[in-house]
Amino acid sequence: MSENIQQKIEQLREELHQHNYNYYILDEASISDFEFDTLLKELQELEAQYPEFHDDNSPTLRVGGAVTKNFPTIQHKFRMYSLDNSYDFEDLEDWEKRIIKTIDDPVEFVAELKYDGASISILYENGKLVQAVTRGDGFQGDEITPNVRTISDIPLTLKGDFPSHFFMRGEIYLTRKNFDKLNKLREEEGLDPFMNPRNTASGSLKMQDSAEVRKRSLSSVLYQYISEEVPAETHWELLQKAQGWGFKTSQQAKLCRTLDEVKEFISFWDVERHNLPFEIDGIVLKVNSLQQQRQLGYTAKSPRWAMAYKFKAEKVETELKSVSYQVGRTGAITPVANLKPVLLAGTIVKRASLHNEDIIKKLGLHEHDFVFVEKGGEIIPKIVDVNKGKRTSDSKEIEYIKNCPECGTELVKIIDQAIHFCPNELHCPPQVVGRMIHYVSRKALNIDNLGSETIEQLYREKLIENPADFYTLTKEQILPLERMAEKSAQNIISGIEKSKEISFEKVLYGIGIKHVGETVAKKLVKNFATIDELKEATVEKLCQVEDIGAKIAFSIVEFFKNPENILMIERLKSYGVQLEKGESTNEVLSNVLEGKTFLFTGKLSLFTRESAEEMVEKHGGKNISAVSKNLNFLVVGEKAGSKLKKAQDIGTIEILDEQQFLDLIEKQ
Ligand code: AMP
Ligand code: ZN
């Protein structure tokens, strides 16, 4: 029986891996989304029922969920070198000359796109993804395996004839399309947009909640095989093999027999790169023969057998017309240069980001200066230099504003940050709107049909000013808005009504206390059952809650000091919004398990794993996900496997059967 189940589970996993490969690597869907989800669900159910067949590389784990607080530091077995840079063909010719000094035979090159993302090293053992580590300083990086597992086009298990132990290196990046999508979502949630795809990709890899990483829709390209065991003579062959094992390698990579072919490749992509669905910042050239690579070796910082060719950022000169200042929904100020329109990298540019005061000062920008504008990785171009020769003697230096352009409040600059903020959170128009957009967003009160445009209109019409005002809106007030039909007005009103059922933790997240994100809100609700309890909590008391530090604690106390916030909360309460923990969720039954950690393994028969974990929490204990010295109790069902063995090896872990676990709780 159990062998059959295991077979079934393995077959489902294999099938799903194959469909995933067809879709993400070959770009050919072999099954509908619905069918895929059905298979996935079937597997999920089997895995939940038979935890003894757990596999870290199961396709079900792509959805993420593992939360990592601190990423372990891992030493790279093979150092991750940087690349030397070249900027023109002459640099390349010099490089070839240096190579020829060491190598007598003809030299071939592989030319690849230089993806602009974050580099990663992934260890595969016996065809399974085992560990993924960031580049870090080249000698050691952060282990981010759970996050990398969520990336759809990274194979969790390999196909074909692969070596038993090797590292694949590559780049994790965001396509332009997914980057835009992400920013649109952020806008809908009342958050400021991300600046560029590269920083967003590397930032995403370091997020603590892997389910959040999943939502970023990252992509990968793998460009280097490294191991003691090398199953080929050339880099090109290794790339072909890697593709066969299931890796996404670059479709544009090209084997070049001569340096002239390399130059052609570069000239082609210098123009065509603007039409790629992702950003590149150059080309990478590698000597094809691995034997020649070994002969050439490394300098202190980079391989002699590889070279990056950096595209010149396209740069044009134009006139600065004025500087304006935008206030983000979180109150952050962004200075923007308004330019005389000019053609740059195929698009007309009218504005450029100036980022912050320090950058303006560094440029020494004056009114009506002629400036050089460059298009780098950022969405909007930036000013890189000033043509001082064209400056008139009476032109005045740009002076950074002292007050918020939206509400007049004096700006503050936070120590350690170059950015100015408007501190008038409760009355500065973009911040007021941002707060209400955040309140209705999906992860908060989830009021459908109430988009950011409608909120802006309602605010302009002075119908709403803070989240409590939603609950006094009437259909008659909404109907006269632009493009508003009877049906959508009704939907808004029903949506607002329905939000009264949303749980306390989501409301707490929704009211927008600075630094109180989803996870913190959950932790707070576990420790403070009502908003009034939270209101009374001191900084010291708050700091006792797991994961809550002084910064968050101060921000909470500050929030409740403000009478306007108190008024809003009292109003929300009177309209019936949930500001207390619901009956069923997380009720505490006892604290007999306080300070104790638990893990369940094997097939459980007295209860499901889920309800067992719930019991642990209700009695004050904590569930952890792996066997380690931090584990106090391992509860074993039928056919427990490697976890049991590991726990026995550690020796300090108490091993219980299901009945003994129940006795433990009932001992109270
Ligand atoms: P640099 O950071 O300028 O020294 O350039 C080296 C980085 O280029 C590597 O760490 C990789 O992250 C990145 N890179 C992007 N595409 C490639 C590629 N095809 N081959 C090697 N490195 C690449
Ligand atoms: Zn303001």
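Every value quoted in this text rests on a predicted model; they were computed, and no experiment measured them.

## Things to note about the overall build of the protein
A count of helical and extended segments in the protein gives 24 helices and 22 strands. Taken over C-alpha atoms, the radius of gyration comes to 29 Å for the protein, in line with the 26 Å a tight globule of 668 residues would show. Here the C-alpha coordinates of the protein stretch approximately 80 × 80 × 50 Å along the principal axes. Here the protein holds 668 residues, and the buried ones make up 47% of them.

## A closer look at the pattern of salt bridges
Within the structure shown, the criterion is met by 38 salt bridges. Lys-413 is the salt-bridge partner of Glu-357, the closest N and O atoms lying 3.5 Å from each other. You can see Glu-357 sitting in helix α11 (residues 357-363) and its partner Lys-413 sitting in strand β17 (residues 412-413), a full 56 residues away along the chain. For Lys-413, a relative accessible area of 39% translates into the label partly exposed. Each of the salt bridges in this network shares a partner with another, and the network as a whole consists of Glu-212, Lys-215, Lys-443 and Glu-518.

## What about the domain arrangement of the protein?
Domain boundaries in the protein define domain 1 (2-63), domain 2 (75-310), domain 3 (315-389 + 404-413), domain 4 (429-501), domain 5 (504-574) and domain 6 (597-666). Here the C-alpha centre of domain 2 lies 28 Å away from the C-alpha centre of domain 1. The partner domain 2 presents 18 residues to the 13 residues of domain 1 that form the contact. Both faces combined, the contact of domain 1 with domain 2 buries some 1,300 Å², and carbon together with sulfur accounts for 50% of it. It is Ile-25, Asn-57 and Arg-62 in domain 1 that bury the most area against domain 2; as a group they hold 50% of the surface buried on that side. Viewed at the interface, domain 2 and domain 1 are joined by 0 salt bridges. Class assignment for the residues of the side of domain 1 that touches domain 2 results in 5 nonpolar, 5 polar and 3 charged.

Rules behind the numbers
Residues numbered from 1 in each chain as written. Chains lettered and ligands numbered in written order. Predicted model: local features only at pLDDT ≥ 70, side-chain atom pairs only at ≥ 80, totals over all residues. Heavy atoms only, no water. Helix = DSSP H or I, 4+ residues; strand = E, 2+ residues; numbered from the N terminus. Rg over C-alpha atoms; globule rule 2.2 N^0.38 Å. Buried < 20%, exposed > 50% of the residue type's maximum accessible area, 1.4 Å probe, protein only. Salt bridge = Lys/Arg side-chain N within 4 Å of Asp/Glu carboxyl O. Domains from an automatic or database assignment. Contact = heavy atoms within 4.5 Å. Buried area = accessible area lost by both parts, 1.4 Å probe. Nonpolar A, V, L, I, M, F, W, Y, C, P; charged D, E, K, R; others polar.

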